[in-house]
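# Remarks on the overall topology
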Amino acid sequence: AKAEGRNNYQFYSADLNRASEQRLELETALRHAVERDQLRLVYQPQYRLADGRLVGCEVLARWRHPELGEVPPGEFIPLAEETGQINAIGEWILRRACEQAGAWRQAGLPELTFAVNLSAIQFRRPTLTSEVGEILDQTGLPASQLELELTEGILMREAHNTLETLRLFKGMGIELSIDDFGTGYSNLAYLNRFSVDKLKIDQSFVRGLPNNPNDLAIVQAIIQMAHSLGLTVIAEGVETADQRDVLIENGCDQAQGYWFAKPLEVDEFERLWQSRPDC
Ligand code: C2E
Ligand code: CA
Ligand code: CA
Ligand code: CA
């Protein structure tokens, strides 16, 4: 048994070494991703449920490495956060999204909202609001067409600095939404202090619709409370017509998810927007 134990340890330690080597490799590769033009953005349509109208999109980052292939954002975003690379990458994402949105505006496409994810690390930078302002100026995108998605965690930490930053964004006319709502520890009354505009019901609650009574109760409660506070509600991860119907019945304002459309490449999204802006 002892020998076996030692063997296991050796396997384990070899695995660990390999894992940390791979991590280092990925980290180094990520360092060059922006300059080597390996990052791109995809756009997931967001629809108003009352009339099925396309009203916006969520901007999501993608990384294709020549040898590693597509690295999922669930892998490279946390890595970028741990190494601080998220500041440069996040700025690139924001700039690229606003440039694209500004170009579409120039081309005369109807107005949409572009929702960009912000990491908690980006939020700690004192220069964030002025960076965002500069990007809007340079790209000519009206602030009202930019939405920033924040997580509950951002709001719960460093409450003082957070309030100030959110006030500045609001003053600029930028929309603010709370991503993955219901998965953190905040409550709506508390959130109300932060002058957010929109809640995104996390897909873990949407998944259980229409049959799971707990998920249904949570979704109903979020919609009712959000509306009584004057907030817009969007459900994410909507994959079936049944889920969409329950959301409509309960007065949810907007939805996104595979049932409507996957995140689309830039030309695919443009085509959908021009040819069928209703779902
Ligand atoms: P998220 O912000 O919650 O984004 C929603 C995720 O759900 C996306 O995964 C999207 O592709 C996926 N999704 C959309 N519709 C459906 C559906 O109907 N069913 C299911 N099962 N999934 C759906 P993605 O693109 O892999 O992104 C994963 C996470 O990575 C994001 O979660 C976000 O936290 C992070 N992320 C992605 N892009 C960015 C970015 O540009 N900046 C930052 N800071 N984080 C990003
Ligand atoms: Ca998001
Ligand atoms: Ca989300
Ligand atoms: Ca999520």
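Going by the structure above, here's the rest.
Read on for an overview of the structure. Going along each chain's sequence as written, the residues are numbered from 1 onward. To label them, take the chains in the order written and letter them from A, then take the ligands in the order written and number them from 1. Restriction of local features to residues with pLDDT of at least 70 applies here, the model being predicted, together with a cutoff of 80 or more for giving and counting side-chain atom pairs; totals for whole chains, interfaces and linings are based on all residues. With hydrogens and water set aside, each side-chain value is computed from the structure's full complement of heavy atoms.

## A closer look at the site of ligand 1
Cut-off, in case you're wondering: Think of it this way: one heavy atom of a residue within 4 Å of a molecule or strand is enough to make that residue near it. Pairs of N or O atoms are called polar contacts if they sit within 3.5 Å, as long as, within protein, a hydrogen donor faces a hydrogen acceptor (for residues adjacent in sequence, only side-chain-to-side-chain pairs). Areas reported here follow the Shrake-Rupley algorithm with a probe of radius 1.4 Å; residue values treat only the protein chains shown as occluding. Numbering of helices and strands runs from the N terminus, with a helix taken as a DSSP run of H or I at least four residues long and a strand as a DSSP run of E at least two residues long. Amino acids are sorted into nonpolar (Ala, Val, Leu, Ile, Met, Phe, Trp, Tyr, Cys and Pro), charged (Asp, Glu, Lys and Arg) and polar (every other residue, Gly among them).
Taken together, the neighbourhood of ligand 1 is formed by 20 residues, with Gln-44, Arg-62, Asp-179, Glu-239 and Tyr-258 sitting nearest. The separation between an oxygen atom of ligand 1 and a polar side-chain atom of Asp-179 is 3.0 Å. Burial of ligand 1 by the protein amounts to 80% of the accessible area it has alone, namely 800 Å². Of all the secondary-structure elements, those providing two or more residues to the shell around ligand 1 are strand 2 (53-65), helix 2 (73-83) and strand 6 (175-181). Tallied by class, the residues present in the shell around ligand 1 amount to 8 nonpolar, 6 polar and 6 charged.

## Examining unusual backbone geometry
The residue after Leu-209, namely Pro-210, is reached through a cis peptide bond having omega 0 degrees. Locating Pro-210 in the fold gives a position in the loop between helix 9 (203-206) and helix 10 (213-228). In the Ramachandran plot, Asp-180 falls in the positive-phi region, its phi being about 50 degrees despite a non-glycine side chain. Among the structural elements, Asp-180 can be located in strand 6.

## Topic: the coordination of the calcium ion (ligand 4)
How we decide: Metal coordination here is assigned from N, O and S atoms located within 2.8 Å of the ion, or within 3.2 Å for Na, K and Ca; omission of water means that sites may look incomplete.
Surrounding the calcium ion (ligand 4) are the protein donor atoms Asp-180 (OD) and Asp-180 (OD), which sit 2.9 to 3.1 Å from the metal. Separating the calcium ion (ligand 4) and the calcium ion (ligand 3) is a distance of 3.7 Å, and Asp-180 donates to both of them.

## Observations regarding helix 10
Keep this limit in mind: For a helix, the expected span equals 1.5 Å multiplied by the number of residues minus one. Burial classification: accessible surface area is computed with a 1.4 Å probe over protein chains only, and a residue below 20% of its type maximum counts as buried, one above 50% as exposed, and the rest as partly exposed. This arc is taken over the directions from the axis of the helix to the C-beta atoms.
The first and last C-alpha atoms of helix 10 sit 22 Å apart over 16 residues, in line with the 22 Å expected at 1.5 Å per residue. Within helix 10 the residues assigned to the buried category are Asp-215, Val-219, Ile-222, Ile-223 and Ala-226. Down the axis of helix 10, the smallest arc covering the buried residues is 95 degrees, so these residues share one side. Seen from the buried face of helix 10, the exposed residues on the opposite side, beyond 90 degrees, are Pro-213, Asn-214, Gln-224 and Ser-228. At the exit of helix 10 stands Gly-230, carrying a positive phi of roughly 80 degrees.

## Considering the side chain of Lys-198
The line we're drawing: By definition in these notes, contact holds between two residues if any of their heavy atoms fall within 4.5 Å.
For Lys-198, the location among the structural elements is in strand 7 (residues 198-201). Residue classification places Lys-198 among the buried positions, given a relative accessible area of 6%. Looking at Lys-198, its side chain comes within polar contact range of the side chain of Glu-147, at 3.2 Å. When near neighbours in sequence (up to four residues on either side) are disregarded, Lys-198 contacts Gln-46, Glu-147, Leu-176, Ser-177, Ile-178, Thr-232, Ile-234 and Gln-254.

## Let's talk about the environment of Ala-143
Mapped onto the fold, Ala-143 is located in the loop between helix 5 (128-139) and strand 5 (146-151). Judged by its relative accessible area of 16%, Ala-143 is buried. In this structure, the C-alpha to C-alpha distance between Ala-143 and Ile-223, residues 80 residues apart in sequence, is 26 Å. Contact partners of Ala-143, with chain neighbours within four places excluded, come to Leu-136, Met-172, Gly-173, Ile-174 and Glu-175.

## Describing the pattern of salt bridges
Quick note on the threshold: A pair is scored as a salt bridge if a Lys or Arg side-chain nitrogen falls within 4 Å of a carboxyl oxygen belonging to Asp or Glu.
Going through the model one piece at a time under the given rule, you end up with 19 salt bridges. The salt bridge partner of Lys-200 is Glu-58, with a shortest N-O separation of 2.8 Å. Separated by 142 residues along the polypeptide, Lys-200 in strand 7 and Glu-58 in strand 2 bring together distant segments of the chain. Judged on exposure class, the residue Lys-200 and its partner Glu-58 are both buried. In the salt-bridge network here, residues are joined through shared partners; they are Arg-23, Glu-27, Arg-31 and Glu-82.

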